[in-house]
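Read off the chains here:
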Amino acid sequence: MTLPLTGVRVIEFSHMVMGPSCGLILADLGAEVIKVEPRGRGDKTRYLPGSGSGLFATFNRNKKSVQLDIADPGDYAQIVELAESAQVVIENFRPGKMDQYGLGFNDVKQFNPTIIYCSLKGFLSGPYGDRSALDEVVQMLGGLAYMTGPPGQPLRVGASVNDIMGGMFGVIGVISSLLKNKDNPEPAHITSALFENTAFLVGNHMVQSEMTGEVVKPMPARLASWAIYDIFRSKSDEMVFVAAVSDTQWAALCREFSLLDLLEDVALTDNTGRVENRDYIHRRLQTQLQHFEVDEIEHRCERSGLPCARVNRPDQLLDDPHLSASGAFTPVYEGTDAEVRVPLLPLELNGERLAKRMDIPKPGEHDEELLSHHDEQILSE
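These remarks concern the structure in this document. Position labels on residues start from 1 in each chain and follow its written sequence. In keeping with the predicted nature of the model, local features appear solely for residues at pLDDT of at least 70, side-chain atom pairs appear and are counted solely at 80 or more, and the whole-chain, interface and lining totals rest on all residues. Computation of side-chain values: all heavy atoms of the structure, hydrogens and water removed.

1. Brief notes about helix 3 (residues 73–84)
Put simply, the rule is: A run of H or I in DSSP counts as a helix once it spans at least four residues, and a run of E counts as a strand once it spans at least two, with each numbered from the N terminus. Take the residue count of a helix, subtract one, and multiply by 1.5 Å to get its expected span. Buried residues are those whose accessible area, probed at 1.4 Å on protein chains only, stays under 20% of the maximum for their type, while exposed residues exceed 50% and partly exposed ones sit between those limits.
Here helix 3 contains 12 residues, and its C-alpha end-to-end distance of 17 Å stays within 8% of the 16 Å for a straight helix at 1.5 Å per residue. Within the sequence span of helix 3, burial applies to Asp 75, Gln 78, Ile 79, Val 80, Leu 82 and Ala 83.

2. With respect to the packing of aromatic side chains
Short version of the rule: Within 6.5 Å between ring centres, the rings of Phe, Tyr and Trp (the latter by its six-membered ring) count as paired, and their orientation is classed by plane angle as stacked under 30 degrees, edge-to-face over 60, tilted in between. Our definition puts a charge over a ring when NZ of Lys or CZ of Arg is within 6 Å of the ring centre and also within 35 degrees of the ring normal.
Under the criterion given, the structure shown has 8 aromatic pairs. Residues Trp 226 and Tyr 229 carry aromatic rings whose centres are separated by 4.9 Å and whose planes lie at 40° to one another, so their mutual orientation is tilted. Ring centres of Tyr 229 and Phe 241 lie 5.2 Å apart, and the angle between their planes is 85°; on these two criteria the pair is classed as edge-to-face. With Tyr 229 in strand 7 (residues 228–233) and Phe 241 in strand 8 (residues 239–244), the pair connects residues that are 12 residues apart, well separated along the chain. Judged by its relative accessible area of 25%, Phe 241 is partly exposed. Three or more aromatic residues link up through ring pairs in this structure, and these residues are Phe 123, Tyr 128 and Phe 195. Stacked on the ring of Tyr 128, the Lys or Arg Arg 131 has its end atom at 4.7 Å from the ring centre.

3. What to know about the nonpolar core
Keep this limit in mind: Each nonpolar core is a collection of buried residues, namely Ala, Val, Leu, Ile, Met, Phe, Trp, Tyr and Cys, held together in the definition by side-chain atoms within 4.5 Å. A contact between two residues is defined here by any heavy atoms of the two lying within 4.5 Å.
Counting residues in each nonpolar core, the largest one holds 31 residues, and the members touching the most others are Val 10, Leu 26, Val 88, Ile 90 and Val 174. For this core, the elements supplying multiple residues, two or more each, are helix 1 (18–28), helix 2 (55–59), strand 4 (88–91), strand 5 (116–121), helix 8 (161–183) and helix 9 (194–201). If one sorts the elements of this core by residue count, helix 1 sits on top with 6 residues. With near-sequence residues (within four places) excluded, Val 10 lies in contact with Leu 26, Ala 31, Glu 32, Val 33, Ile 34, Val 88 and Ile 90.

4. Some thoughts on the sheet that holds strand 7
Backbone-to-backbone hydrogen bonds join strands into a sheet, with any given pair of strands oriented parallel or antiparallel. Under the convention used in this document: When DSSP locates at least two bridges between a pair of strands, those strands are taken to pair. Every axis in this analysis is a line fitted to C-alpha atoms, fitted for helices over the stretch in contact. Angles between the N-to-C directions lie between 0 and 180 degrees.
With antiparallel pairing, the 3 strands of this open sheet are ordered in space as 7-8-9. In the strand order of this sheet, the two ends are held by strand 7 and strand 9 (308–310), each with one partner. Ignoring which end each strand starts from, the neighbouring axes of this sheet average 15° apart. Alignment of strand 7 against strand 8, held across 6 bridges, turns out to be antiparallel. What sits directly across from Ile 231, in strand 8, is Phe 241. Sitting on the sheet, helix 11 (residues 247–256) touches strand 7 and strand 8, and the angle it makes with strand 8 is about 130°. Helix 14 (residues 278–289) contacts strand 7 and strand 8 of the sheet and is inclined by roughly 40° relative to strand 7.

5. Here we look at unusual backbone geometry
Even without being a glycine, Asn 62 presents a positive backbone phi close to 60°. Inspection of the secondary structure puts Asn 62 in the loop between helix 2 and strand 3 (63–67). With relative accessibility at 0%, the residue Asn 62 sits in the buried group. Even without a glycine there, the phi angle at Asp 237 is positive, about 70°. In this structure, Asp 237 sits in the loop between strand 7 and strand 8.

In structure tokens:
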């Protein structure tokens, strides 16, 4: 299919997650994304150990790579040449770094007067604007870690949610500016930030506190809205989440798991009564569920229209039957001869997933293609 951003050139100055995720989404949508990496071994994210080892493979398919050093005056002319040829520039370095090297928004718009310049930062404009930030920093500062862990034990979410969300909002800004520039071309400076992402994510909890006048409790200690909305244990002690969030689902649960006497209990007629008797209902349901394996619990819940899910580890998703059948993964080479599977964007256009068109580039793989003209010019002089 013809991809919506075909013909758009993006220059990406980025590392880690926030900038690369923004570039990845634009690339998957068809843009030509040129990743500018330092000379030598390239982006340090390629070589992170431990929990960072999967970052580069996940967020850098469908991109081209050139090696230029923004701190090297000798590379400045080539960087300018690339930026002049682009519709979009992405950067996610610390505040002021791009300005320091003559590559900030005010610099770039001088030689590319319709550039869309996307800065991905820790904070938007304000007192915190120059502070350094990481996903974990803003999860602590923004109340997300407080909401995730049990009381007194703040816990970061188990994924880089703010980094990725920051990249997504950057894409929204870029696409909005591209649409606007069709009729009225002008430079645009978009800024997306981690801290404000976090505030947006916990917005409903802030509103809840304003409405009730009470400090909200972390999710593990929150006041339940429904009696059944929790993790239970199977016959083999595997964990499974089961929910019943309406009167219809409550009746279906009682019928499916032989708890018909609970339907006759007047104290459990409505949701309020069931929440008040939540511990008793939990004990009764757990007694029934311990006779079944997870597969059977899922089957019974599915046929009764009850929300249900086994508690998976991320690695188990690689064998998930739905993801496997729907083409949710694509193989990439992660820098050696090893092939790994990475998830595609969670998006279909006319029923099709946005496929991998190019593998992860090697550092400087596209130098000859993208920089050779300038090199020949220098030699001729």
